[in-house]
Amino acid sequence: MDNLNSYDNKQMLKKVGVVAGPIAIQSLIASSLNLVDNLMVGGLGELALNAVGVSVQIYFVYWMLIFGFCSGGATFMSQFFGTKDYTNIRRTAGFAFSVTFCIGIIFFLAATFFPEYILRVFTKYPEVIEAGVPYVRTGAPCFLFVAAIQPLALVLRTTQQTEKPLYASVIALCTNTFLNYSLIYGHFGLPELGIRGAAMATVVARIIETTILVFFIFIKKNPMKGPLKEYFSYGSELARRVVRNSLPTTINETMWGLGTSLYVAAFARISITAGAAIQACNTINSLFCMCCFSIGDAVLIMVGQKIGEGELEYAYGMTKNLIKLGLIIGAVMGGLTILFGKPILSLFEFTPEGAHSAWLILIVYGCTMWLDAYGGIMVSGVLRCGGDTRFAMFTEVGTVWLIGVPLAFITSLKLGWPIYLAVLAVRGESLVKGIILTGRYKSRKWLRNVIQGL
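Residues numbered from 1 in each chain as written. Predicted model: local features only at pLDDT ≥ 70, side-chain atom pairs only at ≥ 80, totals over all residues. Heavy atoms only, no water.

How should the packing of aromatic side chains be read in this particular structure?
Any aromatic ring pair is given by two values, namely how distant the centres are and how the planes are angled relative to each other. Per the stated rule, a full pass over the model turns up 19 aromatic pairs. Both rings, one in Tyr167 and one in Phe216, keep their centres 6.4 Å apart while their planes meet at 45 degrees; by these two values the pair is tilted. A residue pair is termed long-range when its members are at least 10 positions apart, and Tyr167 in helix 7 (residues 163–185) and Phe216 in helix 8 (residues 195–219) qualify at 49 residues. Ring pairs connect the aromatic residues Tyr59, Tyr62, Phe107, Tyr135 and Phe143, which therefore count as one cluster. Cation over ring: Arg440 sits above Phe391, and NZ or CZ is 4.3 Å from the ring centre. (Phe/Tyr/Trp six-rings, centres within 6.5 Å; stacked < 30°, edge-to-face > 60°. Helix = DSSP H or I, 4+ residues; strand = E, 2+ residues; numbered from the N terminus. Lys NZ or Arg CZ within 6 Å of the ring centre and 35° of its normal.)

Encoded structure:
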């Protein structure tokens, strides 16, 4: 079945709303949480804001590592869900947790005992390192709790219970915001802890988020409820297959994160004004991009289920419709970025030159957001749902590092282009990536059942 009939289209759209809607809102909450943290810590002065900004880089690297590994595991969970094989979903989740927790322990120990050495990787200023050490050390337990949050949330998402991780994120956001306000500045009778209070608020929020997810899966009635020993009864064959699929996604996400960070590093070297403009625009852009990326998650979950059921032609037909939907949403979100860009930019303190540059950058982002939507759907959704993670990795990492990063530095530092033109040039990376991914999609080589024989 190459195409879905109108009834299936209506059913599919309804299901996309149920699956992708909560994921989009949850991602938006995560972006808003970063914005709230920056605004609150910013009240302590530029040094505090700089220290926290540098400190969170270690959390960003960690997040990309475990997100990449869990994304590889999601392929198996979604396909197992197609066969209603809950036992193997539990085993896959248990193996993912075993890996993420080991990574979490390494980061926890490093953040607890060697925070100053970690910070030296990201800054050369002693005063920033001194201010950031309490934040990194106090926030170290987050590495352990996030190691549990990712696999637990993934279990619920891939079994299409996406509203439950959303509830946990909403409560975590409210907790973190309240405790940030209280502990940073000493309100409601709580001690004034400054930067350390911000880290402590995040730890408490993560503890609560983990507790809620455990409640949904292990205490409340849930199809994923089962004995703990079953979660950790994965055999060597399942572990081997998950690692083979997850290693490329881990490399993919980590190298993509590092590459996009270098874009910012290149643009920030144009001038202080340019650096401020790109930071503000990236924050605004991420708020509108999240809805696009949630379609990629929906593709992974919904199409992966059909592949697991053995309905490969039906799965291919679904992807056609979901890609079209994603492109429409990307165009709409791009238009909203341009429409609401100026009012949001007015919240930032810019010089006239900075405000003009930021506005032009947002126009570039808005006009090309459909490319982000397409790339996100193809890499995180289509290719990963069929286990084609190696091709996705080589394509995304290759285009970022061989096209995007060189263009960012050449246009910014060698040619001296205005920042909005440098940003536009770098968007060429997404165009090339889209062309390569289209060829792979049409070949159908990505359409594979990875759970066969398990």
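Next comes the rest of the description.
In this structure, what is going on with the nonpolar core? I would like to understand it.
One finds Phe267, Val382 and Trp446 to be the most contacted residues of the largest nonpolar core, which totals 92 residues. Broken down by element, this core gets its largest block of residues, 17 residues, from helix 11 (residues 272–308). Setting aside its immediate chain neighbours within four residues, Trp446 contacts Ile307, Tyr316, Thr319, Val382, Leu383, Cys385, Gly386, Asp388, Arg440 and Tyr441. Counting residues in hydrophobic clusters, the runner-up holds 30 residues, among them Val41, Ile58, Ile118 and Val136. (Core = buried A, V, L, I, M, F, W, Y, C linked by side-chain atoms within 4.5 Å. Buried < 20%, exposed > 50% of the residue type's maximum accessible area, 1.4 Å probe, protein only. Contact = heavy atoms within 4.5 Å.)

Can you help me understand the environment of Ala276 in this one?
Its location among the elements puts Ala276 in helix 11. For the pair Ala276 and Val54, spaced 222 residues apart in sequence, the C-alpha to C-alpha distance is 15 Å.

Even after reading the chapter, I still don't get the pattern of salt bridges, so can you show me in this structure?
Pairing is possible between side chains that carry opposite charge, provided their charged atoms lie close to one another. This model, assessed by the stated rule, comprises 12 salt bridges. Salt-bridge contacts for Arg240 lead to Glu237; the nearest nitrogen and oxygen are separated by 2.8 Å. Remark: Glu237 and Arg240 occur in helix 10 (residues 236–268); sequence separation between them is three residues, near one turn of the helix. A salt bridge links Glu237 to Arg241, with the shortest nitrogen-to-oxygen separation between them at 2.9 Å. Taken together, the residues span about one helical turn, with Glu237 and Arg241 both in helix 10 at a distance of four residues. On the basis of relative accessibility, which here comes to 33%, the residue Glu237 falls in the partly exposed class. A relative accessible area of 14% places Arg241 in the buried class. A single salt-bridge network, built from bridges that share partners, covers Glu237, Arg240 and Arg241. (Salt bridge = Lys/Arg side-chain N within 4 Å of Asp/Glu carboxyl O.)

Can you walk me through the side chain of Arg384 in this structure?
Considering the arrangement of structural elements, one finds Arg384 in helix 14 (residues 369–385). Accessibility expressed as a relative area gives 1% for Arg384, which makes it buried. Ignoring anything within four residues of it in the chain, the contact list for Arg384 reads Phe67, Ser71, Thr75, Thr249, Asn252, Glu253, Leu300, Val379 and Thr389.

In this structure, what is going on with a nonpolar patch on the surface? I would like to understand it.
On the surface, Phe101, Ile105, Leu109, Phe113, Phe114 and Tyr117 cluster together into a nonpolar patch covering about 580 Å² of accessible area. The element best represented in the nonpolar patch is helix 3 (residues 86–113), accounting for four residues. Mapped onto the elements of the fold, Leu109 is located in helix 3. Residue classification places Leu109 among the partly exposed residues on the basis of a relative accessible area of 40%. (Patch = residues over 30% accessible without salt bridge, like charges linked within 9 Å, V, L, I, M, F, W, Y side chains within 5 Å. Areas by Shrake-Rupley, 256 points an atom, 1.4 Å probe, with all protein chains shown as cover.)

Any chance you could explain the side chain of Thr175 here in plain terms?
If you trace the backbone, Thr175 turns up in helix 7. Sequence-distant contacts of Thr175, that is, excluding residues within four places in its chain, are made with Val204, Ala205 and Ile208.

Where do I start with the packing of helix 10 against helix 15 (residues 389–414) in this structure?
The geometry of a pair of packed helices is captured by two quantities: the angle between their axes and the separation between those axes. Taken N-terminus to C-terminus, the directions of helix 10 and helix 15 make an angle of 10 degrees; their axes are 9 Å apart at the nearest point. In terms of orientation, helix 10 lies roughly parallel with respect to helix 15. Residue composition of the contact of helix 10 with helix 15, by class: 18 nonpolar, seven polar and three charged. (Axes fitted to C-alpha atoms, helices over the stretch in contact; angles between N-to-C directions. Parallel < 35°, antiparallel > 145°, perpendicular 65-115°, else oblique. Nonpolar A, V, L, I, M, F, W, Y, C, P; charged D, E, K, R; others polar.)

Please explain the confidence of the model for the protein as it appears in this structure.
The predicted structure's coordinates, where accompanied by low pLDDT, should not be read in detail. Averaged over all residues, the pLDDT of the protein equals 86, while 92% of them reach at least 70. Confidence, read as mean pLDDT per element, is least for helix 1 (residues 6–42) in the protein (68) and greatest for helix 17 (residues 428–443) (96). Segment residues 1–7 is flagged for pLDDT under 50; beyond a separation of four residues in sequence, or across chains, it makes 16 contacts in the model. (pLDDT = per-residue confidence, 0-100.)

Quick question: what am I supposed to make of the state of the cysteines here?
Note: disulfide means a covalent bond formed between the sulfur atoms of two cysteine side chains. Enumeration over the complete set of coordinates arrives at zero disulfides. The closest cysteine sulfur to the non-disulfide-bonded Cys367 is located on Cys281, 13 Å from its own sulfur. (Disulfide = S-S within 2.5 Å.)

When you look at unusual backbone geometry in this model, what are you seeing that I'm missing?
Trans peptide bonds make up the majority, and among non-glycine residues the majority have a negative phi. You will see that Lys84, though not glycine, has its phi angle at about 55 degrees, which is positive. In this structure, Gln160 is a non-glycine residue whose phi angle is positive, near 60 degrees. You can see Gln160 is positioned in the loop between helix 6 (142–158) and helix 7. What makes Gln160 buried here is its relative accessible area of 18%.

What is the right way to read empty space enclosed by the protein from this model?
Gaps between atoms show up when a probe of the same size as a water molecule is rolled over them. Under the criterion given, the structure shown has two cavities of 30 Å³ or more. Contributing to the lining of the largest cavity are Phe60, Val61, Met64, Thr254, Gly257 and Leu258. Secondary structure elements with two or more residues in the lining of the largest cavity: helix 2 (46–82) and helix 10. (1 Å grid on protein atoms, 1.4 Å probe; cavity = no way out; pocket = protein on both sides within 12 Å on 5 of 7 lines; lining within 4 Å. Points joined across faces, edges and corners; volume = space filled by probe spheres on them.)

How do you make sense of the environment of Tyr135 when you look at a structure like this?
Relative to the helices and strands, Tyr135 resides in helix 5 (residues 126–138). Separated by 37 residues in sequence, Tyr135 and Ala172 place their C-alpha atoms 19 Å apart. Beyond its immediate chain neighbours, meaning those up to four positions away, Tyr135 contacts Val52, Ser55, Val56, Tyr59, Ile195, Ala198 and Ala199.

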